[in-house]
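The primary structure of each chain is shown beneath.
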Amino acid sequence: MTMQPAVEIRDLEKAYPARFSLFGQTRPAVHALKRVSMAVPAGRTLGIVGESGCGKTTLARCLVGLIRPSGGAIQVEGRPIAELAAAGPKALGTTVQYVFQDPLSSLNPRKTIRQILSAPLRFLVGMGAGDREARLVELMRSVDLEPTFLDRYPHEFSGGQAQRVGIARALAAGARIIVLDEPVSALDVSVQVQVLRLLVDLKRRHGLTYVFISHDLAVVEAIADEVAVMQAGEVVETGPPVRLFQAPDHPYTRRLIASVPTLAS
Ligand SMILES: Nc1ncnc2c1ncn2[C@@H]1O[C@H](COP(=O)(O)OP(=O)(O)OP(=O)(O)O)[C@@H](O)[C@H]1O
Ligand SMILES: [Mg+2]
């Protein structure tokens, strides 16, 4: 029996139409994804790298059902994403979740952490108030935050702490596939390492599958089992990080590696 991949993307296409205003065309049409195919086995991490504008966020948003692709197919745990999306937020939100780049702006400033983390428990899991408190405490502990912080507001947190809340929110509904779009890019380097360690630990403990997007090759090398390199909406090369970064096949991958700033002369 062959193992079904947790995520399977086939010939994915996304075109954003041109936008027009009274003053003419304000934004040209963009073919953001061109026949993108990839698969992620359960329990593994696929890293996605590529320069700004190559389509990474577009891919991530298609994967979690936030935007509709123009063509191709996405299956998560063997089910088409369109079918999950049509079945409603519960089906989708208990299967695949998203962690955003900017932790603070992704958390509602007027809600306490308790309210933020309670929402997926109430609306996606259907957990009653009686059971929620213990689960909230468990979620906070699982991302190394004090349960007493539940009554704080997002602005009372550092960037790293806020991203831990973002991660806890993604875990709350028990989804096993997590799409992380530049999850540590907004954090200080020392904090990046802590959050990456936490992600590795959570993945092991909960058997999670990650799609991990970053423009930072060192971060992807540290966390991914397999890497896909994207350029202008296409996957130009895939491979395990050690092979890919030491002996890149594609000229674009070579250029990407060469463009990493270094202090060594
Ligand atoms: N809502 C939208 N409407 C029109 N064009 C869009 C939209 N979102 C993204 N694009 C365009 O699609 C292309 C891919 O954008 P996307 O945000 O997916 O890239 P990215 O790889 O995530 O870039 P970055 O590294 O800067 O986050 C870009 O040319 C972008 O301008
Ligand atoms: Mg992006």
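Residues numbered from 1 in each chain as written. Chains lettered and ligands numbered in written order. Predicted model: local features only at pLDDT ≥ 70, side-chain atom pairs only at ≥ 80, totals over all residues. Heavy atoms only, no water.

Got a minute to help me understand the overall build of the protein chain in this structure?
Each helix and strand counted, the protein chain has ten helices and twelve strands in total. The C-alpha extent of the protein chain, read off along each of the three principal axes, is 55 × 55 × 50 Å. Looking at the protein chain as a whole, 46% of its 265 residues qualify as buried. When the accessible surface of the protein chain is totalled, it reaches about 13,500 Å², and 53% of it is carbon and sulfur. The centroid of the 30 positive side-chain charges in the protein chain is displaced by 5 Å from the centroid of its 25 negative side-chain charges. (Helix = DSSP H or I, 4+ residues; strand = E, 2+ residues; numbered from the N terminus. Buried < 20%, exposed > 50% of the residue type's maximum accessible area, 1.4 Å probe, protein only. Areas by Shrake-Rupley, 256 points an atom, 1.4 Å probe, with all protein chains shown as cover. Lys, Arg positive; Asp, Glu negative; His and termini not counted. Charge placed at Lys NZ, Arg CZ, Asp CG, Glu CD.)

Hey, could you run me through the packing of helix H4 (residues 113-125) against helix H6 (residues 159-172) in this one?
A packed helix pair is summarised by two numbers, namely the angle formed by the two axes and the spacing between the axes. Where H4 contacts H6, the axes come no closer than 9 Å and their chain directions differ by 15°. Taken together, the axis directions place H4 and H6 in an arrangement best described as roughly parallel. Between H4 and H6 lies a crossing of right-handed hand. On H6, the residues touching Ile113, Ile116, Leu117, Pro120, Leu121 and Val125 of H4 are Val165, Ala168, Arg169 and Ala172. When the residues that make up the contact of H4 with H6 are grouped by side-chain class, the tally is nine nonpolar, no polar and one charged. (Axes fitted to C-alpha atoms, helices over the stretch in contact; angles between N-to-C directions. Parallel < 35°, antiparallel > 145°, perpendicular 65-115°, else oblique. Left-handed = near helix turned anticlockwise from the far one by under 90°. Contact = heavy atoms within 4.5 Å. Nonpolar A, V, L, I, M, F, W, Y, C, P; charged D, E, K, R; others polar.)

Looking at this model, I keep getting lost on the side chain of serine 118. Mind explaining?
You can see serine 118 is positioned in helix H4. Only 2.6 Å separates the side chain of serine 118 from the backbone oxygen of arginine 114, close enough to count as a polar contact. With residues up to four places along the chain from it excluded, the contact list for serine 118 reads Arg132 and Leu136. (Polar contact = N/O pair within 3.5 Å; in protein donor to acceptor, adjacent residues only side chain to side chain.)

Please clarify how the sheet that holds strand E7 (residues 79-80) should be interpreted in this entry.
Strand pairing in a sheet is mediated by backbone hydrogen bonds. Such pairs are either parallel or antiparallel. On the basis of which strands lie adjacent, the open sheet formed by four strands has the order E4-E1-E6-E7 and antiparallel pairing. The open sheet has two edge strands, strand E4 (30-40) and E7, and neither has a second partner. The pairing of strand E6 (residues 71-76) with E7 spans two bridges and is classified as antiparallel. In the strand pairing of E7, glutamine 75 is matched with proline 80. Here helix H1 (residues 56-63) sits on the sheet and contacts strand E1 (7-16), E4 and E6; the angle it forms with E1, its principal contact strand, is near 120°. (Pairing = 2+ DSSP bridges.)

Would you mind showing me how to read the packing of aromatic side chains here?
What characterises a pair of aromatic rings is the spacing of the ring centres plus the angle enclosed by the ring planes. Under the definition given, this model contains two aromatic pairs. Centre to centre, the rings of tyrosine 98 and phenylalanine 100 are 4.5 Å apart; their planes meet at 55°, and the pair counts as tilted. By relative accessible area, which is 31% here, phenylalanine 100 ends up partly exposed. (Phe/Tyr/Trp six-rings, centres within 6.5 Å; stacked < 30°, edge-to-face > 60°.)

What is the right way to look at the sheet that holds strand E12 (residues 234-239) in this model?
The strand order across the open sheet built from six strands is E8-E9-E10-E5-E11-E12, with neighbouring strands paired in mixed fashion. With one partner strand each, in any of the chains shown, strand E8 (96-99) and E12 form the two edges of the open sheet. If you compare each strand with its neighbour and ignore which way they point, the axes differ by 20° on average. Sheet topology note: the E8/strand E9 (residues 177-181) ladder contains four bridges and is parallel. The partner of valine 96 across the bridge, within E9, is isoleucine 177. Running over the sheet, H6 touches E8 and E9 and is turned about 170° from E8. Its contacts with the sheet put helix H7 (residues 189-206) on strand E5 (45-49), E9 and strand E10 (209-213), and the angle it makes with E10 is roughly 155°.

Teacher, can you tell me more about the pattern of salt bridges here?
Opposite charge on two side chains permits pairing when their charged atoms draw close. For the structure on display, the rule yields twelve salt bridges. Salt-bridge contacts for aspartate 11 lead to arginine 35; the nearest nitrogen and oxygen are separated by 3.3 Å. Taken as a pair, aspartate 11 in strand E1 and arginine 35 in strand E4 lie far apart in primary sequence, 24 residues in all. Note that lysine 203 is salt-bridged to aspartate 225, the shortest N-O span being 3.3 Å. Taken together, the positions of lysine 203 in helix H7 and aspartate 225 in the loop between helix H8 (217-223) and strand E11 (226-231) put the pair 22 residues apart, joining distant regions of the chain. (Salt bridge = Lys/Arg side-chain N within 4 Å of Asp/Glu carboxyl O.)

How do you make sense of the environment of threonine 112 when you look at a structure like this?
Within the secondary structure, threonine 112 sits in the loop between E8 and H4. Judged by relative accessible area, which is 11%, threonine 112 ranks as buried. Separated by 39 residues in sequence, threonine 112 and alanine 73 place their C-alpha atoms 38 Å apart. Leaving out residues up to four positions away in the same chain, threonine 112 has contacts with Leu150, Asp151, Arg152 and Tyr153.

Even after reading the chapter, I still don't get unusual backbone geometry, so can you show me in this structure?
For residues besides glycine, phi is generally negative; the peptide bonds are generally trans as well. One non-glycine residue with positive phi stands out, namely glutamate 77, at about 45°. Considering the arrangement of structural elements, one finds glutamate 77 in the loop between E6 and E7. Assessed through its relative accessible area of 29%, glutamate 77 is described here as partly exposed. Phi angles above zero are rare outside glycine, and aspartate 144 is one such case at about 60°. Relative to the assigned elements, aspartate 144 resides in the loop between helix H5 (129-142) and H6.

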